[in-house]
Amino acid sequence: MNKSIEFRNCKNTFMAKNKLNFALTALLQILVTAVTISLAYVLMVVVQSMEQKDTAMFFQSLIYIGIIMVSFLLFSTLLKTIKNNYIKKALAQFKKYIFKKILDKSVGEFSGELSGKIISLFSNDLNSIELNYLSGTIMIISYIFMFIVTIAAMALINVTIMLCVLGICIIPVLASLVFGKKLMKKEKETSIENEGFIEQIRDLLGGFYVIKSFKAEKEVINLFGNQNFILEEAKRGRRDANDIMTMTAQLSSVLVLVVILILGIIFIFQETMTIATVIACIQLSNHVVDPTKFLLPLITNRRAASVLINKIADVVEYHEDTGEKTKISRIDNSIKLSELTVKYEKDKVALKNVNLEFKKGKSYALVGGSGSGKSTLLKLLMGYFNDYQGTAKYDDNEIIDIDLDSLYDVVAVVQQNVFLFDKSIKDNITMFKEFTEEEIDQAVLVSGLSSLISEKGMEYTCGENGCNLSGGEKQRVSIARCLIKGTPVLLMDEATASLDNATAFQVENDILDMDMLTRIIVTHRLQEQLLNKYDEIIVLKDGALEEQGGFDNLMNAKGYFYSLYNVANANANANDNAHLAKEVK
């Protein structure tokens, strides 16, 4: 999608089903401004009544003041309510649209860098958009109306004073032209630096335990300090540009008052003006001064906020090819990889020349050392990569040609790192979708969650990212979440690593006993009783296929798998002996 189109789409969300609120807000703002300006006329009448000692005129002016006060109170109250409703709806719709566009991105497009931009978007950028774009637009309308009406009223009193005031108002206009672009540039720089700052905070907090264990506090403080200084320097530059425009506007407001006083005195001496009309001009000058002070900075800040909206449009713009994709609903034969090579970076090969076939309804164990490519292989099968070499097909459909929404109806993955919502166990299992009680109970049973549910119940709140559950409990919820989908293909990436031995064995064994399910399971628990139940064991080493076959065949071959198995079991026995000794002690 063209970025300018996405930019317009973003702005249009503010007005979607919100035009009436905006129109009423603008109208009420104008009415409040008109009532405020009318005070100058009333003040002139009061002074004239004093000059002429006219009691009737004085009491008439008091009636005008009462009408103005009631009108101001009524219009201001309505303005507050409708304006806040307009901004509330505009922001809610905008944020929902942006978040939907983010969720429309593929897993491959999503990255840590993008997440930092998104966090900045929902904090710093949105605050600026609310203040400078939404509220700013209303205030710009108000000040434009105020300026036009005030200049017209001043012209009725004295054209010379009006022309002089207009001349002085050119000063802040010139300042805005000079420093406005600088402010827009500084606003964008501040947003970019804020993204980097937030990303750094997230990384540093994520590595808190590493920082403490390596006693790297001093070095990390230096890193933080440098990024913090850069951000605050960018913000200082933004404030400088804004302050210069404000100072220029304030200077012009003082000049307006001085000019009116000087000309007013001259015209009074010439008997072409009265004290009442001079006071009226002085009162009106406040309504020229305020637009002079605030209108151009508001316009500049609105343009700067518009730059942020454009930046947001760039973040959420959907880059992935939206051409026609193949939809699948099942696999009829197999998943087949031929001469498959995957690279994370230009020279870093994660998988190389892999040839494998996963047949429908069969179970496969993926084993190998750290960095052997097991997790990469599962990510590939989930459609995370678009730039692999060779072929990777579900039946006759190349993965890169498959619609990912339909792929995720066929494949479910249980990962080692589990994310849970701060909702009930049931919501985290069902992912807020509807399932029968029988389907939920079966998923709970196979995933080993029965005892947890008996103890805490299905409505027990998991806490932020599952903080109310243990690592093993979180993992079982994740397994149940995948099982309840009922997909024909199940991928598991070290899914039982955080479970105790007995529960891990039971969960894996139950999954291997399930019929009509294609299972591809990355495991580090090399237990003979379980490994014998797999149709095939696939051994990866340094991204390449090292061996494959049944448990007995691989053990008899006494190759790489044989070594892995013996090392794993030796470590397991050592851990069991250490645990037993600790209990005896």
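Residues numbered from 1 in each chain as written. Predicted model: local features only at pLDDT ≥ 70, side-chain atom pairs only at ≥ 80, totals over all residues. Heavy atoms only, no water.

S.K.: Would you explain the overall build of the chain in this entry?
M.R.: When helices and strands are tallied, the chain shows 18 helices and ten strands. In terms of C-alpha radius of gyration, the chain reaches 35 Å, well past the compact-globule figure of 25 Å for 585 residues. Judged by the C-alpha coordinates and their principal axes, the chain covers about 120 × 60 × 50 Å. The buried share among the 585 residues of the chain stands at 44%. (Helix = DSSP H or I, 4+ residues; strand = E, 2+ residues; numbered from the N terminus. Rg over C-alpha atoms; globule rule 2.2 N^0.38 Å. Buried < 20%, exposed > 50% of the residue type's maximum accessible area, 1.4 Å probe, protein only.)

S.K.: It is not clear to me how the packing of helix 7 (residues 217-269) against helix 8 (residues 275-316) should be interpreted in this structure. Could you clarify?
M.R.: The description of two helices packed together rests on the angle between their axes and the distance between the axes. Axis separation between helix 7 and helix 8 bottoms out at 9 Å; the angle between their running directions is 165 degrees. Here helix 7 lies roughly antiparallel to helix 8, going by the angle between them. When you trace helix 7 past helix 8, the crossing you get is right-handed. Across the interface between the two elements, Asn242, Met245, Ala249, Gln250, Ser252, Ser253, Val256, Leu257, Ile260, Leu261, Gly264 and Ile268 of helix 7 pack against Ile275, Val278, Cys281, Ile282, Ser285, Val289, Thr292, Lys293, Pro297, Thr300 and Asn301 of helix 8. Here the contact of helix 7 with helix 8 is built from residues that sort into 13 nonpolar, nine polar and one charged. (Axes fitted to C-alpha atoms, helices over the stretch in contact; angles between N-to-C directions. Parallel < 35°, antiparallel > 145°, perpendicular 65-115°, else oblique. Left-handed = near helix turned anticlockwise from the far one by under 90°. Contact = heavy atoms within 4.5 Å. Nonpolar A, V, L, I, M, F, W, Y, C, P; charged D, E, K, R; others polar.)

S.K.: Looking at this structure, how should I read the sheet that holds strand 1 (residues 334-345)?
M.R.: Whether parallel or antiparallel, the strands of a sheet pair through hydrogen bonds between backbone atoms. In spatial order, the strands read 2-1-4-5; together these four strands make up an open sheet with antiparallel pairing. Since the sheet does not close on itself, it has two edges, and those belong to strand 2 (348-359) and strand 5 (397-398), each with one partner. Set on the sheet, helix 9 (residues 374-381) makes contact with strand 1, strand 2 and strand 4 (389-394); between it and strand 1 the angle comes to about 115 degrees. (Pairing = 2+ DSSP bridges.)

S.K.: Which parts of the structure should I look at to understand helix 2 (residues 19-52)?
M.R.: Since the α-helix advances by 3.6 residues per turn, residues separated by three or four positions end up pointing in the same direction. Between the first and last C-alpha of helix 2 there are 50 Å, a value that for 34 residues agrees with the 50 Å anticipated at 1.5 Å per step. Positive backbone phi, approximately 50 degrees, marks Lys53, located one or two places after helix 2. (Expected span 1.5 Å × (residues − 1).)

S.K.: Would you take a moment to explain the side chain of Ser363 for this structure?
M.R.: The residue Ser363 is located in strand 3 (residues 363-368) in this model. Residue contacts for Ser363: discarding those within four places in its chain leaves Leu512, Arg519, Lys533, Tyr534, Asp535 and Glu536.

S.K.: Would you take a moment to explain the sheet that holds strand 9 (residues 536-541) for this structure?
M.R.: Strand order in the open sheet made by the six strands is 6-7-8-3-9-10, with mixed pairing throughout. Each having just a single partner strand, strand 6 (411-414) and strand 10 (544-549) make up the two edges of the open sheet. The mean inter-strand angle of the sheet, taken between neighbouring strand axes irrespective of direction, is 15 degrees. Examined bridge by bridge, strand 6 and strand 7 (residues 489-493) share four bridges and lie parallel to one another. Bridge pairing in strand 7 places Val411 opposite Val489.

S.K.: Could you clarify how one ought to interpret a nonpolar patch on the surface in this entry?
M.R.: A surface patch of nonpolar side chains, about 320 Å² in accessible area, is lined by Val254, Val258, Ile262 and Ile266. Structurally, Ile262 can be placed in helix 7. Taking the relative accessible area as the measure of exposure, Ile262 reaches 49% and is therefore partly exposed. (Patch = residues over 30% accessible without salt bridge, like charges linked within 9 Å, V, L, I, M, F, W, Y side chains within 5 Å. Areas by Shrake-Rupley, 256 points an atom, 1.4 Å probe, with all protein chains shown as cover. Salt bridge = Lys/Arg side-chain N within 4 Å of Asp/Glu carboxyl O.)

S.K.: What is the right way to read the packing of aromatic side chains from this model?
M.R.: Each aromatic ring pair is described using two quantities: the centre-to-centre distance and the angle formed by the ring planes. Scanning the entire structure with this criterion turns up twelve aromatic pairs. On the numbers, 5.4 Å between centres and 55 degrees between planes, the contact of Phe22 with Tyr86 is tilted. Pair noted here: Phe22 is in helix 2 and Tyr86 is in helix 3 (residues 55-103), with a separation of 64 residues, a long-range link. Here Phe22 and Tyr86 have matching classes, each one buried. (Phe/Tyr/Trp six-rings, centres within 6.5 Å; stacked < 30°, edge-to-face > 60°.)

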